[in-house]
Amino acid sequence: MPTAAKRILATSISIALPILVVVASFVCVSCQNAPVTGRRQLMFVPKSNETEMGATTFNQIMKEEGESTNQHYIDMVNRVGRRIAAASGETYDWEFRVIASDVKNAFALPGGKVAVYEGIMPICQDEEGLATVISHEVAHVMARHGGERLSQQYAVNGIGMAIGKLTQNAQERDRKLMEQAYGVTSKFGVILPYSRKHELEADYIGMVLMAKAGYDPAAAADFWERMTASAAGGGDATPPEFLSTHPSDDRRIAELRRRLPEAIAAAQGVPEGEAVAAKSSEATAR
Ligand SMILES: [Zn+2]
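Along each chain, residue indices are assigned from 1 in the same order as the chain's sequence is written. The predicted origin of the model limits local features to residues at a pLDDT of at least 70 and limits the giving and counting of side-chain atom pairs to 80 or more, whereas totals for whole chains, interfaces and linings rest on all residues. Hydrogens and water are ignored here; the side-chain numbers use all heavy atoms of the structure.

### Some words on the pairing of strand β5 (residues 113–117)
Then, in step 1: Summary of the burial criterion: residues with accessible area below 20% of their type's maximum are buried, those above 50% are exposed, and those between are partly exposed, where the area comes from a 1.4 Å probe applied to protein chains only. The secondary structure listing takes helices from DSSP runs of H or I that are at least 4 residues long and strands from runs of E that are at least 2 residues long, numbered from the N terminus. Of all five residues in β5, five are buried, a share of seventy percent or more.
Then, in step 2: The side-chain alternation of β5 yields two buried faces, one formed by Lys113, Ala115 and Tyr117 and the other by Val114 and Val116.
Then, in step 3: Two strands pair when backbone bridges link them, and strand β3 (residues 95–99) and β5 are joined in this way by five bridges, in the parallel orientation. Paired with Val98 across the two strands is Val116, which belongs to β5.
Then, in step 4: Pairing of strand β4 (residues 106–109) with β5, which is carried by four bridges, proceeds in the antiparallel orientation. Note on β5: the bridge partner recorded for Ala108 is Val114.
Then, in step 5: Linking two consecutive strands that pair antiparallel, namely β4 and β5, is a turn of three residues; a positive phi of about 90° is found at Gly111 within it. Between any two strands, at least two bridges found by DSSP are needed for them to pair.

In structure tokens:
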């Protein structure tokens, strides 16, 4: 084959392949349903890859951020973490660690890696408050929000990646992509907020997990009120995830209160439609 023809063929393949990936994402060949909510989600990252990447990144972050030596916090986080993880029914290699920093935050990485910063513990106040934070993070893992974000990144970057592959080191490119997808900056320790959709879904699934684990899911809205008050009073430079604007705290609290009966019903295994019907007949009776 003449050199020019070879070049055209190679170019066509490098362009066609990523287009196929994008098309596949639109027709949703690689879709799955999120647990609890049943929302359709784009997913073409194998669970095993995601789990492995999550574990590697988690170890790097823990090394960078530094482990807490507060035994009371460590015990509490592990106790609550195990209970919530059991309620999730997911058999990941769960890890619940405490970071020695007064940042009011927490985060989770794919594969069941959850970290809570010391700074959020006083706002939690008790195990119920901590259960709110941990169940929200476990919900992100359970619903594979990291893998979904990675899949979206692949879909968006597909064409650019193929064209740029000649100039960029593939390993470096994949690492950057993973960091973007999981919202981890190159310096680590900073987890960018998820989308509003993911946050609200994690809040809702979190309440279901709380109820399943025997915690009072009504504590979630109370926790967020304390969190909002703390952010307003402290004048903090708002760190992401737990002090993110996705969604705004007011919207979040309103949604938590609105969906509380639905979450309790879901935890008891009552189909959603029946729970809604029961709620509206209750409202009419009043
Ligand atoms: Zn979140």
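So much for the structure itself; the text now carries on.
### Notes on the confidence of the model for the chain
Then, in step 1: Scored between 0 and 100, pLDDT is the confidence that the predictor attaches to each residue. The predicted model of the chain averages 78 in pLDDT, with 64% of residues at 70 or higher.
Then, in step 2: Across the chain, the secondary-structure element scoring lowest on mean pLDDT is helix α11 (residues 272–285), at 46, and the one scoring highest is helix α3 (residues 71–88), at 98.
Then, in step 3: A contact between two residues is defined here by any heavy atoms of the two lying within 4.5 Å. Per-residue pLDDT stays below 50 along residues 276–286; that stretch engages in two contacts with residues further than four places along the chain or on separate chains.

### Here we look at the packing of aromatic side chains
Then, in step 1: Side-chain rings of Phe, Tyr and Trp, where Trp is taken by its six-membered ring, are said to pair if the distance between their centres is within 6.5 Å; with planes under 30 degrees apart they count as stacked, over 60 as edge-to-face, and otherwise as tilted. In this structure the tally under the stated criterion is five aromatic pairs.
Then, in step 2: Consider the rings of Phe58 and Phe107, whose centres lie 6.3 Å apart with planes at 65°: the pair is edge-to-face. With Phe58 in helix α2 (residues 47–65) and Phe107 in strand β4, this pair connects stretches of sequence that are 49 residues apart.
Then, in step 3: Look at Phe107 and you get buried, because its relative accessible area is 1%.
Then, in step 4: Look at Tyr92 and Trp94: their rings are 5.6 Å apart centre to centre, the planes differ by 85°, and that puts the pair in the edge-to-face class.
Then, in step 5: Using a relative accessible area of 7% as the deciding quantity, one classes Trp94 as buried.
Then, in step 6: Among the aromatic residues, those joined into a cluster by ring pairs are Phe58, Phe107 and Tyr117.
Then, in step 7: In our convention, an over-ring charge means Lys NZ or Arg CZ found within 6 Å of a ring centre and within 35 degrees of that ring's normal. Across the ring face of Tyr215, the terminal group of Arg83 is positioned such that the distance to the ring centre comes to 3.9 Å.

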